[in-house]
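Examining the three-dimensional arrangement
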Amino acid sequence: MVDGVERSIDRIDPNAIESITVLKDAASAAIYGARAANGVVLVTTKRGTHGAPSISYNSSFGFQSAVQVPEMLNAGEFAQYFNEASLNSGDNPAFTDQQVQQYQNGTLPSTDWWGEVIRKSAPIQQQGITVSGGGERVRYFTSLAMLDQKGLYETSSFKRYNVRANIDIDLTDRFTLGIDLAGRKEKIGDSSNSPFNSLLNSQPTSPAYVPDSVEPGGLGYNGVNINPIGEAIHSGYTRTNWNVFQGNFKLKYDIPIEGLSTTFKYNYDHSFKNEKEFNEPYTFYVSDPVNNIYTPFTSISNITLTEGYDEIVQETTQFFVNYDKEFGKHNLGALFVYEKVDNERKNIEAGRQGYVSPSIDQLFAGGATGQTSDGGASESARQGYIGRLTYSYANKVFVSGQCKT
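Each value, and the rule that gives it
- Residues numbered from 1 in each chain as written.
- Predicted model: local features only at pLDDT ≥ 70, side-chain atom pairs only at ≥ 80, totals over all residues.
- Heavy atoms only, no water.
- Salt bridge = Lys/Arg side-chain N within 4 Å of Asp/Glu carboxyl O.
- Buried < 20%, exposed > 50% of the residue type's maximum accessible area, 1.4 Å probe, protein only.
- Helix = DSSP H or I, 4+ residues; strand = E, 2+ residues; numbered from the N terminus.
- Expected span 1.5 Å × (residues − 1).
- Contact = heavy atoms within 4.5 Å.
- Axes fitted to C-alpha atoms, helices over the stretch in contact; angles between N-to-C directions.
- Parallel < 35°, antiparallel > 145°, perpendicular 65-115°, else oblique.
- Nonpolar A, V, L, I, M, F, W, Y, C, P; charged D, E, K, R; others polar.
- Core = buried A, V, L, I, M, F, W, Y, C linked by side-chain atoms within 4.5 Å.

All right, on to the pattern of salt bridges then. Per the stated rule, a full pass over the model turns up 14 salt bridges. In this structure, the salt-bridge partner of Asp-10 is Arg-11, at a minimum N-O distance of 3.6 Å. Exposure remark for Asp-10: the relative accessible area of 48% places this residue in the partly exposed category. The partner of Asp-170 in a salt bridge is Arg-139, and the shortest N-O contact between them spans 3.0 Å. Of the two residues, Asp-170 sits in strand 6 (residues 157-170) while Arg-139 sits in strand 5 (residues 138-150), which places them 31 residues apart along the sequence. Asp-170 gets classed as buried once you look at its relative accessible area, which sits at 19%.

Below, the structure is given as structure tokens:
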């Protein structure tokens, strides 16, 4: 729950977070119903306070690396165990004893496919600035942040931009208005084909590249069916763009009865997602070094493009009546909550193939044969009422009860 609304927490700017609370016991989480079966995480963003403007700037730069890297066999180990496996299954050995020995002593090369594709480290940087303050009637908190994260192989990356403004206005001594506006833009880049499966299946006895006499920088064959370098760098791309807007409107009124207040909240979330996948072929060579024969193959026979658009709207309406009063050693509390959540989602997707060239990665440039289109829409809503009564005596005796529907 982010500022009282059910939202994802994995894209919030950390500099805008005031506090994080975890509810895991049944009593405190019961108000959220079955969705709180595994607990509730409450995230509260920062708000302005009375005083002169306060400006804070944060910057960090670092490197990230894979925590666990699979330990792959070298060529000598692979040739030895592959021969043993062949003999155990009744087949002839794939490598001669001389070849096994040459791989083991380094006369024949061993390919570190993982090292050819995956970087040992990749840079990551964050920049953020916040401004907060307020006068007698108006308080504000604003923030702007950027995250730039490179991936562990060349075509993977992630960029995120966050902007937020939380404003509180005392309209009168009893009326308080709160307006929260937040926006987020994300750009995710990746290869059209993940290289990890081909990496784990690549044979270290197969060279990553062919000799320059065949083709300078020409890709070799991983011994199975493909080249992981080509999959990671030359197979095309997947690009995902997210644009998210989140708005909160809050109006609180302190009723002229001590301890009694009402709050109305309206929250509007609107996100747009555009995803584009462009698959293009690359050439790799299946080699026969003994006879100096290198046969070219194309990874795919057809250039294809798939593009999709997804739009999600969530509206949350909440109404609270809260009463909290002390009578000597007695404390009496009451809470009534009404909540309604409306969700709408629609998407559309189109695809084409038969591109003459990868130079124009747009739908109109594809062939008419085999084109696809699809789309859908959905709506859902949830409405609930919650009531709770609490009583305590001298902070020693506590009684509470609640009902919900």
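Spanning 14 residues, helix 2 (residues 75-88) covers 20 Å between terminal C-alpha atoms, matching the ideal 20 Å at 1.5 Å per step. Lining the buried residues of helix 2 we find helix 3 (97-105). Following helix 2 by one or two positions, Gly-90 has its phi on the positive side, about 85°.

Right, let's talk about the packing of helix 2 against helix 3 for a bit. Each packed pair of helices is defined by two parameters, the angle between the axes and the distance between the axes. The contact between helix 2 and helix 3 brings their axes to 7 Å, and the two run at 150°. Taken as axis vectors, helix 2 and helix 3 run roughly antiparallel relative to one another. Two secondary-structure elements touch here, helix 2 through Ala-75, Gly-76, Ala-79, Gln-80 and Asn-83 and helix 3 through Val-100, Tyr-103 and Gln-104. Class assignment of the residues belonging to the contact of helix 2 with helix 3 gives a composition of 4 nonpolar, 4 polar and no charged.

The next point concerns the nonpolar core. By size, the foremost hydrophobic cluster in this structure holds 13 residues, and its most contacted members are Val-117, Ile-118, Leu-199 and Ile-229. Of all elements in the fold, only helix 4 (113-117) and helix 6 (228-234) reach the threshold of two or more residues within this core. In terms of residue count, helix 4 provides more of this core than any other element does, 3 residues in total. Ignoring sequence-local partners within four residues, the contact set of Ile-229 consists of Trp-113, Glu-116, Val-117, Ala-208, Tyr-209, Leu-219 and His-234. Counting 6 residues, the second-largest nonpolar core is a separate cluster that includes Ala-75, Ala-79, Val-100 and Tyr-103.

Looking now at the side chain of Gln-246. Examined against the element boundaries, Gln-246 turns out to sit in strand 8 (residues 236-254). Overall, the relative accessible area of 16% leaves Gln-246 in the buried class. When near neighbours in sequence (up to four residues on either side) are disregarded, Gln-246 contacts Arg-7, Asp-180, Leu-181, Ala-182, Tyr-268 and Asp-269.

Remember, this is a structural readout, not a statement about activity or role.
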